[in-house]
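Coordinates in review
So you can see what is in the structure, the chains are spelled out below.
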Amino acid sequence: MQKEILIAGFGGQGVLFAGQVLAYAAMDAGRVVTWIPSYGPEMRGGTANCTVVIADEEIGSPLVKHPPVVIALNLPSFDKYEALVQPGGMLVVNQSMVDRAAKRSDITVVFVPGNEIAEETGDRRLLNMVMVGALLAAFPELQLDDVKAALKAHLPEKHQKLLPNNFAAMDKGYEVAKGQLETAAV
Amino acid sequence: MPKELWKGNEAIAEAAVRAGLQAYFGYPITPQTEILEYLSRRMPELVRAFVQAESELGAINMVYGAACAGARVMSSSSSPGMSLMMEGISYIAGTEVPAVLVNVMRGGPGLGNIAPSQSDYNQAVHGGGHGDYPRIVLAPATVQEAIDLMGLSFDLAEKYRMICMLILDGNVGQIMEPAEMPEMQPVANRNFDWATNGAVDRPRRILSSIYINPPDEEATNFRLAKRWLEVQANEVRYREYFLDDAEFVIVGFGTAGRVALSAVRAARAQGIRVGLLRPITVSPFPFQVIDELAVRARVFLVAEMNMGQMYNDVRIAVRGRVPVEFYGRTGGIVPFPDEILAEIHRIAAGRLAAEADPRGAWLARMEAAR
């Protein structure tokens, strides 16, 4: 088994941390995992993306040209990565930041109003956790509970108070995505 | 110890601390700065020496001084900063004191960019400072390997009184992987019989790289060369993948080697008999294993993130017996496995370069694809 996830957006949207949460969960589940970032020289506002590879054996390349799973947090990322997702793959889009429908029909595209959900949950910075939750609705390699446990296990003590909101954000993203996937399947 | 998720640069820094690093001198430069940043916190916490020098020149000469005193000492930098250190590196080599250096390589030449590259291979392995000096160069491809080699580098540097350099492309510095740290080694006073660490109740020692009398300098050059023969005989390290029945052999180090592994697996799934040799020591270079592979392989393909630097060493080992093809990405671009898989398909189909140096044909293909 090997599965790659690419997460892309603006710097400041929590792209890199979203990937790290998945990497921790994979590690705690006993998997082999790599996390690798790619970003411009800007601290905020530039492009940022990271690739997480989860496998059962030694991982070769930490980067793939055609990932099976992509989370796009803004329009430039949606534009760039919709074309690159593997046929049959999944694209989770932050609907709050895009103004168009999907062009491809050979991949599953899930639209999640991430910014709105994050704000309703209490903090716009929860966007990344909403989108991670949405991904987990269709990612059998990792379970929602495992990712929550990993976040709890690896979050420094001083940030532990943020866990309830982070869990709530993941749950809401998960539910929205699950609902869409079930509707699509009918 | 349980595995933790470590970023390459920070893992290297902690591994050095656990190996008993006594002093670090450096100057910030991307994509290496996390090493310095991590040690700026960790070293004072352990009451060990950390200095952010005024420049790379300052840093390498502080390393030189601490090395003469027999301390476990290191510096780290990235390509342009490493170039600035070269004079000091030559002096350290000429003085025959151990020092550990880390180069997290970025796109070049010149100021270049901050993206991952392997374009300092020649500088690290063949060139760099002036004069005839050997050095050990290790090229980790994973975080665990970087941790293990960091510890080893101090032992090798001290055993052979030689510079030991780790070269990492920026990818290995920035990647996070689960890895296991070694136990903390206590800081040891190694009391080397050559160290200028205070002449109390013993005769004075002098360390220098100056030999005004040519026969003395020649004797020094011979001594270094003899020590190098010992390193070549004992310290070659590499990883082999699927080489037992391989008709086609890919050679790649660091991240290029990892990327090639993905391509080799995909090609194997298609029934192509291809294997991978990933050098871990690029100096001493694994000439002998390539020499042996050249007897049974049909074609070699060297994959690098440069214009073909290790390529020349592979060609020396192959000695013209079979074609040695080349594929590289440069400028800070990391190849995808698909690109190397396409190259495997090309060589398996027998579409080889007509010229003695295949890099011309490679360049033409790259430009046509742009």
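I will try to describe carefully the structure that is included in this document. What you are looking at is a predicted structure, and each value in this text was computed from that prediction instead of being measured.

Here's the deal with the pairing of strand β11 (residues 274–279) of chain B
Residue and element names in this part refer to chain B. Extensive coverage of β11 is indicated by the burial of six of its six residues. Here β11 shows two buried faces, one formed by V274, L276 and R278 and the other by G275, L277 and P279. Bridging between strand β9 (residues 238–241) and β11 involves four bridges; their strand directions are antiparallel. Each bridged residue has a counterpart across the sheet, and for Y241 the counterpart in β11 is L276. In this structure, strand β10 (residues 248–251) lies alongside β11, joined through four bridges in parallel fashion. Along β11, the bridge assignment pairs V249 with G275.

Some words on the sheet that holds strand β2 (residues 23–26) of chain B
All names here are of chain B. Strand order across the open sheet formed by seven strands is β3-β2-β4-β5-β7-β6-β12, with mixed pairing between neighbours. A strand with exactly one partner marks an edge of an open sheet, and here the two such strands are β3 (49–52) and β12 (281–283). On average, each strand axis in the sheet is tilted by 20 degrees relative to the strand beside it, whichever way the strands run. Here strand β4 (residues 73–77) pairs with strand β5 (residues 99–105) via four bridges, running parallel. The residue of β5 that forms the bridge with S75 is L101.

Observations concerning the sheet that holds β10 of chain B
Residues and elements named next belong to chain B. Within the open sheet, the five strands sit side by side as β9-β11-β10-β13-β14. Their pairing is mixed. The open sheet has two free edges, formed respectively by β9 and β14 (324–328), since each of these has just one partner strand. Strand-to-strand twist in this sheet, taken as the mean axis angle between neighbours without regard to direction, amounts to 20 degrees.

Description of the pairing of β4 of chain B
Most of β4 of chain B sits out of view: five of its five residues are buried. Judged by which residues are buried, β4 of chain B turns out to be covered on both faces: V73, S75 and S77 of chain B on one side and M74 and S76 of chain B on the other are all buried.

Some thoughts on unusual backbone geometry
Residues and elements named next belong to chain B. Following T30, the chain continues to P31 via a peptide bond in cis, the omega torsion being 5 degrees. Structurally, P31 can be placed in the loop between β2 and α2 (33–45). Each neighbour pair has its own omega, and for S283 with P284 the value is 5 degrees, a cis peptide bond. Tracing the chain through its elements places P284 in the loop between β12 and α11 (287–296). Although it is not a glycine, V47 sits at a positive phi angle of roughly 55 degrees. Relative to the elements of secondary structure, V47 occurs in the loop between α2 and β3. Relative accessible area serves as the criterion here: at 77%, V47 is assigned to the exposed category. Unlike most non-glycine residues, F242 shows phi in positive territory, near 55 degrees.

Cut-offs and rules
Residues numbered from 1 in each chain as written. Chains lettered and ligands numbered in written order. Predicted model: local features only at pLDDT ≥ 70, side-chain atom pairs only at ≥ 80, totals over all residues. Heavy atoms only, no water. Buried < 20%, exposed > 50% of the residue type's maximum accessible area, 1.4 Å probe, protein only. Helix = DSSP H or I, 4+ residues; strand = E, 2+ residues; numbered from the N terminus. Pairing = 2+ DSSP bridges. Axes fitted to C-alpha atoms, helices over the stretch in contact; angles between N-to-C directions.

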